[in-house]
Amino acid sequence: MMDVKLHRVYNTVKAVLIIMPFVTLLYLYIGTPTAGLDFTSLLQGNPLLALTFLIAMIQPFIVLMLGAAEKDEIAGLGEGALVIITLLLIAECMMRHLLGIVGLSVLLSLTFRQ
(Lines give C-alpha, C1' and ligand atoms only; values in the text may rest on other atoms or scores of the structure.)
Protein backbone atom coordinates (compact mmCIF):
# COMPACT_ATOMS: atom_id res chain seq x y z
CA MET A 1 0.00 0.00 0.00
CA MET A 2 1.20 3.49 -0.81
CA ASP A 3 1.53 6.19 1.84
CA VAL A 4 0.62 9.85 1.42
CA LYS A 5 4.21 11.13 1.23
CA LEU A 6 5.12 8.79 -1.62
CA HIS A 7 1.91 9.68 -3.45
CA ARG A 8 2.75 13.39 -3.08
CA VAL A 9 6.26 12.83 -4.45
CA TYR A 10 4.86 10.89 -7.45
CA ASN A 11 2.44 13.74 -8.21
CA THR A 12 5.12 16.42 -7.78
CA VAL A 13 7.56 14.67 -10.11
CA LYS A 14 4.81 14.08 -12.67
CA ALA A 15 3.71 17.73 -12.49
CA VAL A 16 7.26 19.06 -12.98
CA LEU A 17 7.92 16.74 -15.91
CA ILE A 18 4.59 17.49 -17.61
CA ILE A 19 5.26 21.26 -17.41
CA MET A 20 8.73 21.00 -19.00
CA PRO A 21 7.60 21.10 -22.67
CA PHE A 22 5.61 24.29 -22.05
CA VAL A 23 8.49 25.96 -20.20
CA THR A 24 10.88 25.01 -23.00
CA LEU A 25 8.53 26.30 -25.68
CA LEU A 26 8.09 29.56 -23.76
CA TYR A 27 11.87 29.90 -23.44
CA LEU A 28 12.36 29.29 -27.16
CA TYR A 29 9.59 31.67 -28.22
CA ILE A 30 10.94 34.40 -25.95
CA GLY A 31 14.46 33.86 -27.30
CA THR A 32 13.38 33.82 -30.94
CA PRO A 33 12.88 37.59 -31.44
CA THR A 34 16.14 38.44 -29.68
CA ALA A 35 18.03 36.21 -32.13
CA GLY A 36 16.22 37.78 -35.07
CA LEU A 37 15.09 34.40 -36.38
CA ASP A 38 11.86 32.49 -36.59
CA PHE A 39 11.29 29.36 -34.50
CA THR A 40 12.31 26.77 -37.11
CA SER A 41 15.43 28.71 -38.13
CA LEU A 42 16.44 28.95 -34.49
CA LEU A 43 16.13 25.17 -34.05
CA GLN A 44 17.94 24.48 -37.33
CA GLY A 45 20.77 26.87 -36.51
CA ASN A 46 21.44 25.71 -32.97
CA PRO A 47 21.64 21.95 -32.38
CA LEU A 48 21.76 22.39 -28.60
CA LEU A 49 18.38 24.15 -28.61
CA ALA A 50 16.97 21.48 -30.92
CA LEU A 51 18.17 18.75 -28.55
CA THR A 52 16.73 20.60 -25.55
CA PHE A 53 13.42 20.89 -27.39
CA LEU A 54 13.34 17.15 -28.18
CA ILE A 55 14.21 16.16 -24.62
CA ALA A 56 11.44 18.39 -23.29
CA MET A 57 8.93 16.83 -25.67
CA ILE A 58 9.81 13.33 -24.39
CA GLN A 59 8.94 14.19 -20.77
CA PRO A 60 5.15 13.57 -21.07
CA PHE A 61 5.92 9.98 -22.06
CA ILE A 62 8.09 9.65 -18.95
CA VAL A 63 5.06 10.84 -16.96
CA LEU A 64 2.94 8.16 -18.63
CA MET A 65 5.41 5.48 -17.53
CA LEU A 66 5.50 6.96 -14.02
CA GLY A 67 1.74 6.50 -13.91
CA ALA A 68 2.26 2.80 -14.62
CA ALA A 69 4.86 2.63 -11.82
CA GLU A 70 2.45 4.34 -9.44
CA LYS A 71 -0.30 1.85 -10.31
CA ASP A 72 2.13 -1.00 -9.62
CA GLU A 73 2.99 0.54 -6.26
CA ILE A 74 -0.68 0.95 -5.34
CA ALA A 75 -1.37 -2.67 -6.34
CA GLY A 76 1.42 -3.83 -4.03
CA LEU A 77 3.87 -4.72 -6.78
CA GLY A 78 6.80 -2.69 -5.49
CA GLU A 79 9.32 -4.64 -7.55
CA GLY A 80 7.62 -3.66 -10.79
CA ALA A 81 7.59 -0.03 -9.76
CA LEU A 82 11.29 -0.19 -8.88
CA VAL A 83 12.15 -1.66 -12.28
CA ILE A 84 10.16 1.00 -14.15
CA ILE A 85 11.64 3.87 -12.13
CA THR A 86 15.16 2.49 -12.53
CA LEU A 87 14.77 2.26 -16.31
CA LEU A 88 13.34 5.78 -16.45
CA LEU A 89 16.22 7.05 -14.33
CA ILE A 90 18.71 5.47 -16.75
CA ALA A 91 16.89 7.12 -19.66
CA GLU A 92 16.95 10.51 -17.93
CA CYS A 93 20.68 10.11 -17.25
CA MET A 94 21.27 9.35 -20.92
CA MET A 95 19.34 12.51 -21.84
CA ARG A 96 21.14 14.50 -19.10
CA HIS A 97 17.88 16.03 -17.89
CA LEU A 98 18.75 17.26 -14.41
CA LEU A 99 15.20 17.78 -13.09
CA GLY A 100 14.22 14.28 -14.19
CA ILE A 101 17.32 12.74 -12.64
CA VAL A 102 16.78 14.44 -9.28
CA GLY A 103 13.04 13.72 -9.20
CA LEU A 104 13.38 10.09 -10.18
CA SER A 105 16.28 9.57 -7.75
CA VAL A 106 14.16 10.80 -4.86
CA LEU A 107 11.25 8.69 -6.08
CA LEU A 108 13.48 5.61 -6.40
CA SER A 109 14.85 6.00 -2.89
CA LEU A 110 11.41 6.48 -1.35
CA THR A 111 9.95 3.56 -3.29
CA PHE A 112 12.89 1.33 -2.33
CA ARG A 113 12.38 2.10 1.36
CA GLN A 114 8.78 0.92 1.19
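Residues numbered from 1 in each chain as written. Predicted model: local features only at pLDDT ≥ 70, side-chain atom pairs only at ≥ 80, totals over all residues. Heavy atoms only, no water.

Participant: I'd like to hear about the overall build of the protein chain, residue by residue, with values.
Facilitator: Secondary structure summary: the protein chain contains five helices and zero strands in total. Total accessible area on the protein chain is roughly 7000 Å²; 74% of this is exposed by carbon and sulfur atoms. Looking at charge distribution, the protein chain has the averaged site of its 6 positive side-chain charges lying 6 Å from that of its 7 negative ones. (Helix = DSSP H or I, 4+ residues; strand = E, 2+ residues; numbered from the N terminus. Areas by Shrake-Rupley, 256 points an atom, 1.4 Å probe, with all protein chains shown as cover. Lys, Arg positive; Asp, Glu negative; His and termini not counted. Charge placed at Lys NZ, Arg CZ, Asp CG, Glu CD.)

Participant: Pulling in residues and values, what's your account of the packing of aromatic side chains?
Facilitator: The tally for this structure, following the rule as stated, stands at two aromatic pairs. Judged by centre distance (4.8 Å) and plane angle (25 degrees), the rings of Tyr 29 and Phe 39 are stacked. Here Tyr 29 is found in helix H1 (residues 4-35), whereas its partner Phe 39 is found in helix H2 (residues 39-45), with ten residues between them in sequence. Residue class for Tyr 29 comes out partly exposed when judged on its relative accessible area of 48%. Under the relative-accessibility criterion, Phe 39 is labelled buried at 18%. Summarising the aromatic geometry, the rings of Phe 39 and Phe 53 are spaced 5.8 Å apart at their centres and angled 80 degrees between planes, so their arrangement reads as edge-to-face. Separated by 14 residues along the polypeptide, Phe 39 in helix H2 and Phe 53 in helix H3 (residues 47-74) bring together distant segments of the chain. (Phe/Tyr/Trp six-rings, centres within 6.5 Å; stacked < 30°, edge-to-face > 60°. Buried < 20%, exposed > 50% of the residue type's maximum accessible area, 1.4 Å probe, protein only.)

Participant: An account of the layout of surface pockets is needed here, citing residue identities and associated values.
Facilitator: Taken as a whole, the largest pocket spans an internal volume of roughly 200 Å³. If you go around the largest pocket, the residues you meet are Met 20, Val 23, Thr 24, Leu 48, Leu 51, Thr 52, Ile 55, Ala 56, Met 95, Arg 96, His 97 and Leu 98. Residue assignment for the lining of the largest pocket shows that the elements contributing at least two residues are H1 and H3. Element by element, the count of residues in the lining of the largest pocket is highest for H3, at five residues. Within the lining of the largest pocket, the residues separate by chemical class into eight nonpolar, three polar and one charged. (1 Å grid on protein atoms, 1.4 Å probe; cavity = no way out; pocket = protein on both sides within 12 Å on 5 of 7 lines; lining within 4 Å. Points joined across faces, edges and corners; volume = space filled by probe spheres on them. Nonpolar A, V, L, I, M, F, W, Y, C, P; charged D, E, K, R; others polar.)

Participant: Can you tell me about H1, naming the residues and giving the values?
Facilitator: Across its 32 residues, H1 extends 46 Å between first and last C-alpha, which sits within 8% of the 46 Å expected from 1.5 Å per residue. Where H1 bends most, the angle comes to about 35 degrees, and this point is Met 20, followed within four residues by the proline Pro 21. Among the residues of H1, Leu 6, Val 9, Tyr 10, Val 13, Lys 14, Leu 17, Met 20, Pro 21, Thr 24, Leu 28 and Thr 32 are the ones counted as buried. Phi turns positive one or two residues past the end of H1, at Gly 36, with a value near 75 degrees. (Expected span 1.5 Å × (residues − 1). Bend = angle between axes of the 7 residues up to and from the residue.)

Participant: How would you summarise the nonpolar core if you had to cite specific residues and measurements?
Facilitator: Tyr 10, Leu 66, Ile 85, Leu 104 and Leu 107 are the most contacted members of the largest nonpolar core, which totals 19 residues. Mapped by element, the contributors of at least two residues to this core are H1, H3, helix H4 (78-95) and helix H5 (98-113). Dropping the residues within four chain positions of it, Leu 104 is found in contact with Leu 66, Ile 85, Leu 88, Leu 89 and Glu 92. Phe 39, Leu 42, Leu 43 and Phe 53 belong to the second-largest nonpolar core, a separate cluster that totals six residues. (Core = buried A, V, L, I, M, F, W, Y, C linked by side-chain atoms within 4.5 Å. Contact = heavy atoms within 4.5 Å.)

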